[in-house]
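# Breakdown of the fold
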Amino acid sequence: MSYILLFLEGVITFISPCLLPLLPLYISYFAAGKSPDTPAGKRRALINALGFIAGFTLLFVSLGAFAGILGQALQDYRFIIDIVAGLILILFGLNVMGVITIPLLNATYRKSANVRNLSFFSSLVFGVIFAVSWTPCVSPLLGSALLMASVPASAWRGAFLLFIFAMGLGLPFLLCALLIDRLKSAFDFIKRHYKIINIISGVLLIAIGVLMMTGYLGSFMAILSLP
C-alpha cells in the first residue's frame, strides 16, 4: 500500500498548481523546435521526455537511498524520529491545504535551459536541474516520500520507494508528451479544481503524519496489504 501512496503522491505533484500550468512549455522543450503535433515532433518529444524523467528519477532515487541509510543509522532513535517526521508531515499537509503558510515551502525557483539542441542526454541533465530547482515547489510531497523512505532503514528500500514516487511524477509527463493535443480538456478540469486537489493532498499528508506519530503507520500499511 505504501507503493500506491507514493505513486499517488508523485501524480499529485505533477498536477500541482506550480507545475501543471507550465506543462505546455515543457512539451515544447521536449519537441526541440518541432511542433509537438507532428509525428517528428512527437517522436522527439517522447525521446527527450524519457531523458527528462530519467534525470529527475536518478536524483530522487539517490535521495531515497540516502534517506534509507540515515534511517538505518538512527534506528535507535526511531520513536523520536517518527514523532518529528509525523509532525513535519502534518505541517506539510496544513500548508498544502492553505491553513498555514510556510514561505520556504511555497517559494518557487526556476532555472532556464538552452533547449535548441535538446537531446536525450541534455534532457537527462535538464531533468536533474528540474528536480533541484523545483524542490521548494514539490517539497511537501517529496518530503513525505523521503520520510516514508527513511522508515525501512535500508538504502535499497529507500531508493525503490523514491523510484515509485518518481514514476508517479514521470508517467504523466510521458503520456502528455504523446497525447498533449488530446489532454487539454483534462488540464482545464484539473485547474478548475485545484482547491479540492490541495485539500485531498493535505488530508492525505496529515493522516500519514498522525499514523507515523502514533506508531500505527506500519500496522496500517500491513492491514491494507492483506489480500
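See the structure printed just above.
Per-chain numbering applies: the sequence of each chain, read as written, is numbered from 1 onward. For a predicted model such as this one, the threshold for reporting local features is a pLDDT of at least 70, and the threshold for listing and counting side-chain atom pairs is 80 or more; totals across whole chains, interfaces and linings nevertheless cover every residue. Only hydrogens and water are set aside when side-chain values are computed; all heavy atoms of the structure are taken into account.

## Observations concerning the packing of aromatic side chains
Note on ring pairs: Phe, Tyr and Trp rings are taken, using the six-membered ring of Trp, and paired if centres are within 6.5 Å. Classes follow the plane angle, with under 30 degrees stacked, over 60 edge-to-face and the rest tilted. Evaluated as defined, the whole model comprises 8 aromatic pairs. Ring centres of phenylalanine 52 and phenylalanine 173 lie 5.2 Å apart, and the angle between their planes is 70°; this geometry places the pair in the edge-to-face category. Note that phenylalanine 52 is positioned in helix H3 (residues 39-73) and phenylalanine 173 in helix H8 (residues 155-179), a separation of 121 residues in sequence. Here the two residues phenylalanine 52 and phenylalanine 173 agree in accessibility, since each one is buried. With centroids separated by 5.8 Å and ring planes inclined at 45°, the aromatic side chains of phenylalanine 56 and phenylalanine 60 adopt a geometry described as tilted. One end of the pair, phenylalanine 56, and the other, phenylalanine 60, are both in helix H3, 4 residues apart, so they sit about a helical turn from each other. Here a helix means four or more residues in a row that DSSP labels H or I, a strand means two or more in a row labelled E, and each is numbered from the N terminus. The classification of residues rests on relative accessible area computed with a 1.4 Å probe and restricted to protein chains. Under 20% of the type maximum is buried, over 50% is exposed, and intermediate values are partly exposed.

## Thoughts on the environment of leucine 179
Looking at the element boundaries, leucine 179 is found in helix H8. When the C-alpha atoms of leucine 179 and lysine 42 are compared, they prove to be 8.7 Å apart, with 137 residues separating the residues in sequence.

## Examining the nonpolar core
As used here, the term nonpolar core means buried Ala, Val, Leu, Ile, Met, Phe, Trp, Tyr and Cys residues forming a set that is joined through side-chain atoms within 4.5 Å. Judged by nonpolar contacts, the single largest core of 47 residues is most densely connected at Phe56, Phe60 and Phe173. For this core, the secondary structure elements donating two or more residues are helix H1 (2-14), helix H2 (23-31), H3, helix H4 (78-97), helix H6 (120-133), helix H7 (135-150), H8 and helix H10 (194-214). Contacts are assigned to residue pairs that have any heavy atoms within 4.5 Å of one another. Setting aside anything within four residues of it in sequence, one finds phenylalanine 60 in contact with Ala131, Leu142, Leu162, Phe165, Ala166 and Leu169.

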